[in-house]
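Residues per chain are reported as follows:
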Amino acid sequence: MTAEEKVGQMTQVTIDVVSRDSQPHQLDPAKLQTAVDRYKVGSILNVMGSAYTVDHWHEIINQIQDAAAKTRLKIPVLYGLDSIHGANYVMGSTLFPQAFAVAATWNPELAQRAGEISAYQTRAAGVPWNFYPVLDIGRQPLWPRFWETYGEDVLLATEMGKAYIRGLQGNDVGARNKVAACLKHYAGYGLPFNGKDRTQAHISERMMRQYFLPTFEAGVKAGVPTVMVNSGEIDGIPGHANHHLLTDILKNEWGFPGFVVSDWQDVERLHTRDRVADSPKEAVRMAVMAGIDMSMVPFDFSFFDLLMQCVQEGSVPMPRIDDAVRRILRVKFMTGIFENPRPDPAMKAAFDQPAFAEANLAAAREAITLLKNEDHVLPLARGRKILVTGPTANLHTVLNSGWSRSWLGLEEELFSKEKPTLLGGIEITAGKENVTYVPGTSFDKEIDIAAAVSGAANADVIIACLGEPAYCETPGNIDDLMLDGAQLLLVHELAKTGKPVVAVLAQGRPRVIHPIVPVSSAIVMAYLPGLEGGRAVADILFGDVNPSGKLSFTYPRYPNALTTYDYKVNEVLEGNHIDPEFEFGHGLSYTTFTYSNLKLNSPMLVRDGELTATVEVRNSGSRPGKEVVQLYVSDLYRSLTPPNRELKGFRKIELQPGETRTISFTLKPSDLAFVGLNNRWITEPGKFRATVAKLSEEFTLL
Ligand code: BGC
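Model, not experiment: these values are computed from the prediction. Position labels on residues start from 1 in each chain and follow its written sequence. Owing to the predicted nature of the model, reporting of local features is limited to residues with pLDDT of at least 70; listing and counting of side-chain atom pairs is limited to 80 or more, with chain, interface and lining totals taken over all residues. To get the side-chain values, take all heavy atoms of the structure and skip hydrogens and water.

A. View of the packing of helix 16 (residues 422-430) against helix 19 (residues 533-541). In this analysis, axes come from line fits to C-alpha atoms, helices being fitted only over the stretch in contact, and the angle between any two N-to-C directions falls in the range 0 to 180 degrees. What counts as a helix is a DSSP run of H or I of at least four residues, what counts as a strand is a run of E of at least two, and both are numbered from the N terminus. The N-to-C vectors of helix 16 and helix 19 enclose an angle of 50°; their axes lie 7 Å apart at closest approach. In terms of axis orientation, helix 16 runs oblique to helix 19. Crossing geometry of helix 16 relative to helix 19 is assigned as right-handed. Between helix 16 and helix 19, the contacting residues are Leu422, Gly425, Ile426 and Thr429 on the first element and Gly533, Gly534, Val537, Ala538 and Leu541 on the second. Three residue categories are used. Nonpolar comprises Ala, Val, Leu, Ile, Met, Phe, Trp, Tyr, Cys and Pro, charged comprises Asp, Glu, Lys and Arg, and polar comprises the others, including Gly. Partitioned by chemical class, the residues of the contact of helix 16 with helix 19 number 5 nonpolar, 4 polar and no charged. Every angle not falling under 35 degrees, over 145, or within 65 to 115 is termed oblique; those three ranges are roughly parallel, roughly antiparallel and roughly perpendicular. Take the far helix as your reference; a near helix turned counterclockwise from it by less than a right angle gives a left-handed crossing, and one turned clockwise gives a right-handed crossing. Residue contacts follow a heavy-atom distance rule, with two residues in contact if any of their heavy atoms lie within 4.5 Å.

Here's what the structure looks like:
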């Protein structure tokens, strides 16, 4: 390969660069020729505007690969899309609950199924590469990308991420129904100091290894061949200039054989925004030498030109370029695009299967979390008169948010009217004649709260659909985690009627609702439940499905009392207290579960040994139900302050009324390890406490 051919492989541009300006979308053959032939680009990404039909994707991919086939080396172009909660840029695709909701199912099989279906529908469009999963953990609820994560806990996020990857990639990324995953955004993106997207985080090496690297390491071990970089900065080092993370740890320590792709425009931003590079060329040199193999430029060929200059003057040595290109070509081979660069038209027939919608519905049903249910106001009996109100009642966008048919997911008209909104789902289940709808407010704006209050006059129960409008990335930044005043006022005014208020929350992060918690009889966290969300919420409200979702994060009570479930003990001593609105792992059911007989098979755990914890769980209520059995371990003393507890195992089970099951968990010394003073994983002998529900037992690690 010539230097130009190599540098071209390292260049990724957005589809806009090879498209006409006119509508409907069309590629521009001359621009395509320039990109593929003159600049030899290795990869193209994204949609211009909003989602395309499968047929249009086929035209696009065929045209691109035809152009690539005419170049000297005939290397196919690797097309990449953000299939975040399904193949969201392909019209008609299944849109699953967003990741923080999938995590709330605590059921990895559902994450795997979401991966399988997303892979099928992405590949059916002819696209072999998906920029997902987000394996940042969400420990800062203000962050507008919170919902793209599998929640705040390392173990839960790791297990969900691994299951999704299994579904997406299977054993062979090159299979025609699989796509290559991309772990993002490496690493520490999810803890911005001020909660704003793409801003500074302060994460020591120890914290990084303890909380933010394990999910990524698990993804690398699971065979994910690409990694996308953190757009923000850690301790003053922009993600895209972080040689230690990208090269020392990812490539050298973990032996990652795949390639590292930059995030959107972030190489250039080392100069324009981060100011660690005093010229655009220095930015390119810095990024490539830090370990970036492919630049998502994405609007021009500046990266190509500047990297060619670096190569010619020797500031980027050829072995670094060769290494990057080898990695990129390896992934191209893995995805099978050398053999099959073109979409498979036969996949189109099975694009939209009833089984896909069923799997989606199952995920939404298991995600939705019943947070409060005073006096058993839920489930609602059929035949009652219902007032439905609130800004999220009758929109599809609020159930899906960003990465839904378009980047910001704001266009209602892009959603099929066949799928019900929250209001639609309630009308179908309760009967239209029993439902009155009055919007009351929009987001942060009163429409007519008085009309909603009068609408309640003939109602037996009020369902207030609250939450957030659709958003994605930086446009979703907020200055206050409290739910807006108009929505809080709506609930207060409705509660004054004396009718029970059921609050349904469709939102991408835990907006603080403390002022209305006491006046709401029931609270249902719908998260961003996806296309089947309207139906699934109604199934829960009316008891056709017994809720089994459990929070994948801590739901704060006050905007300035943010913490995670694994807080330090000093946070609860001496006048401090941790009192979240709803705890991580919390979620009610219409039945009750009784825990008993937590037993350890030994009071000691020896090195290289195992300890088995067993607990009996009984469905002590009158309905079948699913429960998530959660095992936490507390290290009572360690050389660095221990968290109060850490999740070490979980199992989702289904029990019939009266049924008892014994659940067992195995603990190894490595499960009790932590990142010690020397920044390495260590175990320390001493006393530990295992807790399941309200039961606990102590043991000693020898
Ligand atoms: C986001 C990435 C995404 C990329 C390509 C960026 O703005 O941060 O998550 O994969 O755009 O769409």
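B. Summary view of the layout of surface pockets. A cavity, in this analysis, means grid points on a 1 Å lattice covering only the protein atoms where a 1.4 Å probe fits yet has no way out; a pocket is instead an open set bounded by protein on both sides within 12 Å along at least five of seven lines, and a residue lines either one if it has an atom within 4 Å of a point. Grid points are joined across faces, edges and corners, and a volume is the space filled by probe spheres set on the points. Each pocket or cavity is described by its volume, and for the largest pocket that value is around 930 Å³. Around the largest pocket, the lining is made up of 29 residues, and of these Gly585, His586, Gln630, Ala693 and Lys694 lie nearest the centre. Sorting the residues of the lining of the largest pocket by element identifies strand 20 (593-600), strand 23 (625-635) and strand 28 (686-692) as the ones contributing at least two each. Residues of the lining of the largest pocket, tallied by class, amount to 12 nonpolar, 11 polar and 6 charged. Put simply, the second largest pocket is a space of about 780 Å³. Lining the second largest pocket are 30 residues, and of these Val154, Gln210, Pro214, Ser670 and Trp681 lie nearest its centre. For the lining of the second largest pocket, the secondary-structure elements that each account for two or more residues are helix 6 (154-169), helix 7 (205-212), helix 8 (214-221) and strand 24 (646-655). Sorting elements by how many residues they give to the lining of the second largest pocket places helix 6 first, with 5 residues. Among the residues forming the lining of the second largest pocket, the class breakdown is 11 nonpolar, 5 polar and 14 charged. Shared between two domains, the lining of the second largest pocket takes at least three residues from each, and those domains are domain 1 (3-348) and domain 3 (591-701). These domain boundaries are the output of an automatic or database domain assignment.

C. Quick peek at the sheet that holds strand 8 (residues 233-234). Two strands pair if DSSP finds at least two bridges between them. Pairing in this open sheet of 3 strands is mixed, and the strands run 6-8-9 from one edge to the other. What marks the edges here is a single partner per strand, and that holds for strand 6 (200-201) and strand 9 (237-238).

D. Main features of helix 14 (residues 354-367). Here helix 14 contains 14 residues, and its C-alpha end-to-end distance of 20 Å stays within 8% of the 20 Å for a straight helix at 1.5 Å per residue. Summary of the burial criterion: residues with accessible area below 20% of their type's maximum are buried, those above 50% are exposed, and those between are partly exposed, where the area comes from a 1.4 Å probe applied to protein chains only. The set of residues buried in helix 14 consists of Phe356, Ala359, Asn360, Leu361, Ala363, Ala364, Glu366 and Ala367. In this structure, the buried side of helix 14 is in contact with helix 4 (99-104), helix 5 (108-124), strand 12 (369-373), helix 19, strand 23 and strand 24. Multiply 1.5 Å by the residue count of a helix minus one, and that product is the helix's expected span.

E. Quick look at unusual backbone geometry. The step from Tyr132 to Pro133 runs through a cis peptide bond, and the omega angle for that step is 10°. Following the sequence through the fold, Pro133 ends up in the loop between strand 4 (129-130) and helix 6. Along the chain, Tyr186 connects to Ala187 via a cis peptide bond; the corresponding omega equals -10°. Not every positive phi belongs to a glycine, and Lys40 is a case in point at roughly 55°.

F. Representation of the domain arrangement of the protein. Segmentation of the protein into domains returns domain 1 (3-348), domain 2 (368-541) and domain 3 (591-701). Put simply, the middle of domain 1 and the middle of domain 3, counted by C-alpha atoms, are 37 Å apart. The interface of domain 1 with domain 3 comprises 14 residues on the first partner and 17 residues on the second. Note on definitions: buried area is the accessible-area loss of two parts on being combined, 1.4 Å probe, summed for both. Taken together, both faces of the contact between domain 1 and domain 3 bury some 1200 Å²; the carbon and sulfur share is 63%. Taken as a group, Trp106, Arg206 and Gln210 account for 52% of the area that domain 1 buries against domain 3, more than any other trio of residues on that side. We define a salt bridge as a side-chain nitrogen of Lys or Arg found within 4 Å of a carboxyl oxygen belonging to Asp or Glu. Counting across the interface, domain 1 meets domain 3 through 0 salt bridges. We define a polar contact as two N or O atoms separated by no more than 3.5 Å, with the added condition that, inside protein, one atom must be a possible hydrogen donor and the other a possible acceptor, whereas residues neighbouring each other in sequence contribute only through side-chain atom pairs. For the interface between domain 1 and domain 3, the tally reads 3 residue pairs in polar contact (both at pLDDT 80 or more). Those elements that provide at least two residues to the side of domain 1 that touches domain 3 are helix 6 and helix 7.

G. Here's a closer look at the sheet that holds strand 21 (residues 604-605). Strands sit in the order 21-29-28-23-24 across an open sheet of 5 strands; the sheet is mixed. Strands at the two margins of the open sheet, each flanked by one partner only, are strand 21 and strand 24. By the bridge criterion, 5 bridges tie strand 23 to strand 28 in an arrangement that is antiparallel. Of the residues in strand 28, the one forming a bridge with Asp635 is Phe688.

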